[in-house]
Amino acid sequence: MGSASEFDPALALSHKFPDTTYSYTERDAALYALSVGVCLSDAVDADELKYVYHENGQESIKVLPTFSTLLVLRSGASGYNLPGLKYDPRLLLHGQQYIELYKPLPSSCHIHNKVSLAGLHDKGKAAILEIETKSYEKESGDLLCMNRTTVFLRGSGGFSKSSKPFSYTNYPVNQNPAVKIPESKPFSVFEDRTQPSQALLYRLSGDYNPLHSDPMVAKVAGFSRPILHGLCTLGFAVRAIIKCICRGDPDLVKSIAGRFLLHVYPGETLVTEMWLEGSRVIFRTKVKERKRTVLSGYVDLRGLTSSL
Ligand SMILES: CCCCCCCCCCCCC/C=C/C(=O)SCCNC(=O)CCNC(=O)[C@H](O)C(C)(C)COP(=O)(O)OP(=O)(O)OC[C@H]1O[C@@H](n2cnc3c(N)ncnc32)[C@H](O)[C@@H]1OP(=O)(O)O
């Protein structure tokens, strides 16, 4: 477990991350789509078949905006061993995800990633680390998307050298995924039952953390059984928003912010409530069986017409 003597924030902040690469094909995009519930309850769903099949002779499949979260996975190879930060990887939880999308994701692509440390905070009982990845299409050099991944390192706080807790951020406060949920009735509500094997399917997209598959690892981390990847829950929630508010058009999604509030067990039912505030959709996802909120955040949309 991390302790004050094992944390050197100055060393961590001065670290230069190496660039990384990632390549994917249509098969990867389709597998991902299935793993976040596409066509789960209706194999010919008119809004969703396009993510897994060349419907009506379409040239390529459409790619869900949350697929962008996979592009950063290779960044972890060096990120998990950041100089100046020693922590117990078994206690790591995904805390938040912030995504900006600049272009629709192609159905296959070679990616070049630029990685940096965007935040580091001492929360006493935990350390919070924010890794930013900008993903460029190799061929054109175009910036496709930016992901900011927040990891919550339980048991690794208390490293501040002064009485004021250490806190460093290099991005605007308005990109914080923590949101206030309106008290009014939601504009739309969507329910999806995850499969007991959901995490086993999702991990095939590249996040092989045993917390999501190994009962012993899950117990050490404090859970009765393996839990669902936070990004899988986020994928379900954003899919619900695309279905209910974007009329099935994934290209309307401009940015996504989510805070993981509680773990989800595969097999549980996710109920996503949505509120429209201008071009922003505020959302909250609850687990129906336990009546607990597990995720909240917002999705900013481009070109939303007023006829909703
Ligand atoms: C070292 C290098 C790493 C690099 C990694 C880069 C590569 C990218 C790979 C990333 C993949 C990570 C692996 C994936 C793992 C998972 O998917 S885990 C499953 C999904 N996540 C969860 O299930 C977590 C659910 N959330 C919780 O269980 C809890 O919210 C919590 C995170 C344990 C925190 O709860 P609690 O301890 O009760 O916190 P509080 O007392 O309420 O708050 C303390 C302060 O922390 C702030 N905070 C709270 N929650 C979060 C959060 N989710 N994200 C960020 N910050 C959070 C909170 O605001 C408090 O701060 P102050 O207000 O300043 O006091």
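Residues numbered from 1 in each chain as written. Predicted model: local features only at pLDDT ≥ 70, side-chain atom pairs only at ≥ 80, totals over all residues. Heavy atoms only, no water.

Section: the overall build of the protein
The criterion, for reference: Here a strand is any run of E in DSSP of at least two residues, a helix any run of H or I of at least four, and the numbering for each starts at the N terminus. When a residue's accessible area, from a 1.4 Å probe over protein chains only, is under 20% of the maximum for its type it is buried; when over 50% it is exposed; and in between it is partly exposed. Residue contacts follow a heavy-atom distance rule, with two residues in contact if any of their heavy atoms lie within 4.5 Å. Areas reported as accessible are Shrake-Rupley estimates using a 1.4 Å probe. Residue values count occlusion only from the protein chains shown. In this charge count, Lys and Arg are treated as positive and Asp and Glu as negative; neither His nor the chain ends contribute. Each charge is placed at NZ for Lys, CZ for Arg, CG for Asp and CD for Glu.
Scanning the protein for helices and strands turns up 6 helices and 11 strands. Viewed in the frame of its principal axes, the protein has a C-alpha envelope of about 60 × 45 × 40 Å. Residues classed as buried in the protein amount to 51% of the 308 residues present. Contacts spanning at least 24 positions in sequence make up 75% of the contacts within the protein whose residues lie at least 6 apart. In the form shown here, the protein has an accessible surface area of approximately 14,100 Å², with 53% of it arising from carbon and sulfur atoms. Across the protein, the mean location of the 36 positive side-chain charges is 6 Å away from that of the 31 negative side-chain charges.

Thoughts on the UniProt feature "domain: MaoC-like" (unreviewed entry) in the protein
Applicable threshold: UniProt positions are given in the numbering used here, feature names are shortened, and annotations may be inferred rather than shown by experiment.
Look at the UniProt record and you will see "domain: MaoC-like" (unreviewed entry) annotated at residues 185–294. Taken end to end, residues 185–294 comprises 24% helix and 31% strand; its first and last C-alpha atoms sit 19 Å apart.

Comments concerning the pairing of strand β3 (residues 109–122)
In plain terms, the rule: Pairing between two strands is assigned when DSSP locates at least 2 bridges connecting them.
When you tally the buried positions in β3, you get 10 out of 14 residues, the bulk of the element. In this sheet, strand β6 (residues 167–169) lies alongside β3 in antiparallel orientation, the contact comprising 3 bridges. Pairing of G119 across the sheet is with T169, part of β6.

Focus on the pattern of salt bridges
Once the charged atoms of two side chains with opposite charge are near each other, the side chains can pair. Defined as follows: Take a side-chain nitrogen of Lys or Arg and a carboxyl oxygen of Asp or Glu: if they are within 4 Å of each other, that pair is a salt bridge.
Evaluation of the coordinates by the stated rule reveals 15 salt bridges. In this structure, K243 and D45 form a salt bridge, with 3.0 Å as the shortest nitrogen-oxygen distance. Taken together, the positions of K243 in helix α6 (residues 230–244) and D45 in the loop between α2 (26–35) and α3 (76–79) put the pair 198 residues apart, joining distant regions of the chain. Here K243 matches D45 in class, with each residue buried. Note that E273 and K286 form a salt bridge whose closest N and O atoms lie 4.0 Å from each other. Of this pair, E273 sits in strand β9 (residues 269–277) while K286 is found in strand β10 (residues 280–287), placing the two residues 13 residues apart along the sequence. Residue E273 is classed as buried on the basis of its relative accessible area of 13%. Among the ionic contacts, a cluster of salt bridges with common partners joins D45, D47 and K243.

Details of α2
Among all positions of α2, only A29, A30, Y32, A33 and S35 are buried. Looking at the residues trailing α2, positive phi occurs at G37, about 95 degrees.

Describing the packing of aromatic side chains
Note the following rule: Stacked, tilted and edge-to-face are the three classes applied to pairs of Phe, Tyr and Trp rings, where Trp contributes its six-membered ring and a pair requires centres within 6.5 Å; stacked means planes under 30 degrees apart, edge-to-face means over 60, and tilted covers the rest.
Inspection of every chain in the model, using the stated rule, returns 6 aromatic pairs. Between Y24 and F67, the ring centres sit 4.7 Å apart and the planes meet at 70 degrees, which makes this aromatic pair edge-to-face. Taken together, the residues span a long stretch of sequence, with Y24 in strand β1 (residues 20–24) and F67 in the loop between α2 and α3 at a distance of 43 residues. Owing to a relative accessible area of 3%, Y24 belongs among the buried residues under this scheme. Under the relative-accessibility criterion, F67 is labelled buried at 0%. Measuring from centroid to centroid gives 6.0 Å for F159 and F166, while their planes differ by 50 degrees, and the two rings are tilted. By relative accessible area, F159 is classed as buried at 1%.

Some remarks on the environment of V287
Position of V287 relative to the elements: it lies in strand β10. The buried category is assigned to V287, whose relative accessible area is 0%. Spatially, the C-alpha atom of V287 lies 6.3 Å from that of V271, the residues being 16 residues apart in sequence. Ignoring anything within four residues of it in the chain, the contact list for V287 reads V264, E268, T269, L270, R292 and V294.

A few points about the side chain of Q97
Rules: Here a polar contact means two N or O atoms within 3.5 Å. Within protein one must be a hydrogen donor candidate and the other an acceptor candidate, and residues neighboring in sequence count only if both atoms are side-chain atoms.
Following the sequence through the fold, Q97 ends up in strand β2 (residues 92–101). There is a polar contact of 2.9 Å between the side chain of Q97 and the side chain of H94. Non-local contacts of Q97, meaning those with residues more than four positions away in its chain, are made with T69, N147, R148, T149, P177, L231, L234, I256, A257, G258 and F260.

Some words on the nonpolar core
Inside soluble globular proteins, nonpolar side chains tend to come together where they are buried. Convention followed: Residues enter a nonpolar core if they are buried and are Ala, Val, Leu, Ile, Met, Phe, Trp, Tyr or Cys, with the set joined through side-chain atoms within 4.5 Å.
Membership of the largest hydrophobic core comes to 53 residues, with the highest contact counts inside it found for Y24, L64, F67, L71, L234, I256 and V299. Among the elements that make up this core, the one with the highest residue count is α6 (9 residues). Apart from the residues within four sequence positions on either side, L64 is in contact with Y32, A33, V36, V38, Y51, L105, R239 and I242. Grouped together as the second largest cluster of nonpolar side chains are 16 residues, A12, L92, V151 and F159 included.

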